[in-house]
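What follows is the residue order along each chain.
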Amino acid sequence: MTKTRRNQEPVIEFRGKALRWEWREGVIELTLDHEPLNEIGTLMLADLETFVAAFDGLAPITSSCIITSARPGGFSVGGDLKELYKDALPLAPKKRAAGIRKFLKRIHAVANAIDAAPFVTFAAVHGLCMGGGLELALLCDLIVADKMARFGFPELRLGFIPGFGGIPRLRRDVGNSFIRDLLFTGRTVKAESAHQAGLVSHLTGEGYALQVARSMAQQVTKFEAESRVAAKKFLKPIPFAELRKEIDLFTKLFSRPEVMERLRRFIETGDPMKHLPVDESKKQP
Amino acid sequence: MGTIEQTTREILDLAAKQFKVTDGSLKAEDDFYKKLRIDSLQALELLSRLENHFNIELPDYEVQGVSDFKTLAERIQARL
């Protein structure tokens, strides 16, 4: 039986600045709701830290947790690049790298805790699920996706790699051909392709991802906690060594001046395809 | 496989429905970013709808730089 380490009272309802959660009959429903599309910056991170801090109190009464989004455009488009750029720009390169590393370590601590949560976790995904948003979904044990959902890792187009645990966790779940396709082309894929690749467990009709996830979460409540927790630990080891390497590589790549320049264009340009910057080497003279 | 005209018509109908534009008001030559008043992320939503409707996979780098329905229809037709 799961023990409450600090005899913590369960926080069954929380309303933060970027998300909220509600506990009901053994199921937590955590709803991301941060304009415009659930960008993961300091606000979202602080709320996620509050969520993780509540695990000890919630664990003894919780079988499953659904992470979903209230934003109509989708689940999340990932890291708050505007904030990262704004914070990193005035710093000298060494301080910039130290600041990024510090932020990543906070994110990774939260991510590892959600990954190992003592209950079964579901991401109910609709619309866009990209970059850090996909990394958040990958923390969950199962991804349930609306057939109109779209997944991708566009980071290489900006000159860095996913930094919130994306590659190690994707490698844990799906084949290398799919990972390399996503990474090296920077393309986004429809839910059906993500389902075929094994990233998505259940594909639903349009607008039904949350409903299907709720049904699955209820099913989980029927099983006893000890075997569920043991099975999860056995099935889903956390790739700590690779995650540490990812922090080093992301910090190195992200701290380069050319990345700052790409981010500046990404943030300031009015180009309609701004999320897919044109490769400079392909530009006509 | 339908003709390019049929493909274009279906794209115009789907775009009008998704972004709640009056039927028949969209033309093949229109710039869909301007006409639908959408940004690049909403364009990805349209791409999902088109891929599902035509049962194709169209990588977004193939439509990078495309902004009119006519060229979009050509790219889709090539995948049918």
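Parameters and conventions
- Residues numbered from 1 in each chain as written.
- Chains lettered and ligands numbered in written order.
- Predicted model: local features only at pLDDT ≥ 70, side-chain atom pairs only at ≥ 80, totals over all residues.
- Contact = placed C-beta atoms within 7 Å.
- Helix = DSSP H or I, 4+ residues; strand = E, 2+ residues; numbered from the N terminus.
- pLDDT = per-residue confidence, 0-100.
- Pairing = 2+ DSSP bridges.
- Axes fitted to C-alpha atoms, helices over the stretch in contact; angles between N-to-C directions.
- Parallel < 35°, antiparallel > 145°, perpendicular 65-115°, else oblique.
- Left-handed = near helix turned anticlockwise from the far one by under 90°.

**A look at the interface of chain B and chain A**
In step 1: Contacts between the two partners involve 17 residues from chain B, matched on the other side by 17 residues from chain A.
In step 2: Top element by residues in the side of chain B that touches chain A is helix H3 (residues 40–54) of chain B. It accounts for eight residues.

**Some remarks on the confidence of the model for chain A**
In step 1: For chain A, mean pLDDT is 91; residues scoring 70 or higher make up 92% of the total.
In step 2: Here residues 275–285 of chain A scores under 50 on pLDDT; set against residues more than four positions off or in separate chains, the count is 13 contacts.

**Describing the sheet that holds strand E6 (residues 120–125) of chain A**
Residues and elements named next belong to chain A.
In step 1: Pairing is mixed in the open sheet, where seven strands are placed in the order E1-E2-E3-E4-E6-E8-E11. This sheet does not close on itself; its edge strands, each paired only once, are strand E1 (13–15) and strand E11 (202–204). Sheet twist, expressed as the mean angle between neighbouring strand axes with direction ignored, is 15°.
In step 2: Here E6 pairs with strand E8 (residues 142–146) via four bridges, running parallel. Bridge pairing links Phe-122 to Leu-142 in E8.

**Considering the packing of helix H1 (residues 42–53) of chain A against helix H4 (residues 93–115) of chain A**
Residues and elements named next belong to chain A.
In step 1: H4 packs onto H1 with a crossing angle of 40° between their chain directions and a minimal axis gap of 10 Å. Between H1 and H4, the interaxial angle falls into the category oblique. Crossing handedness for the pair H1 and H4: left-handed. Contact residues: Leu-45, Leu-48, Glu-49 and Val-52 in H1; Arg-106, Ile-107, Val-110, Ala-113 and Ile-114 in H4.

**Remarks on the sheet that holds strand E9 (residues 150–152) of chain A**
In step 1: Within the open sheet, the four strands sit side by side as E5-E7-E9-E10 (chain A). Their pairing is mixed. Of all strands in the sheet, those bounded by a partner on one side alone are strand E5 (74–76) and strand E10 (188–190) of chain A. Across the sheet, the axes of successive neighbouring strands diverge by a mean angle of 20°, strand direction being ignored.
In step 2: Pairing of E5(A) with strand E7 (residues 128–130) of chain A, which is carried by two bridges, proceeds in the parallel orientation. What sits directly across from A:Ser76, in E7(A), is A:Cys129.
In step 3: Contacts from H3(B) reach E7, E9 and E10 of chain A, with the element oriented near 40° to E10(A).

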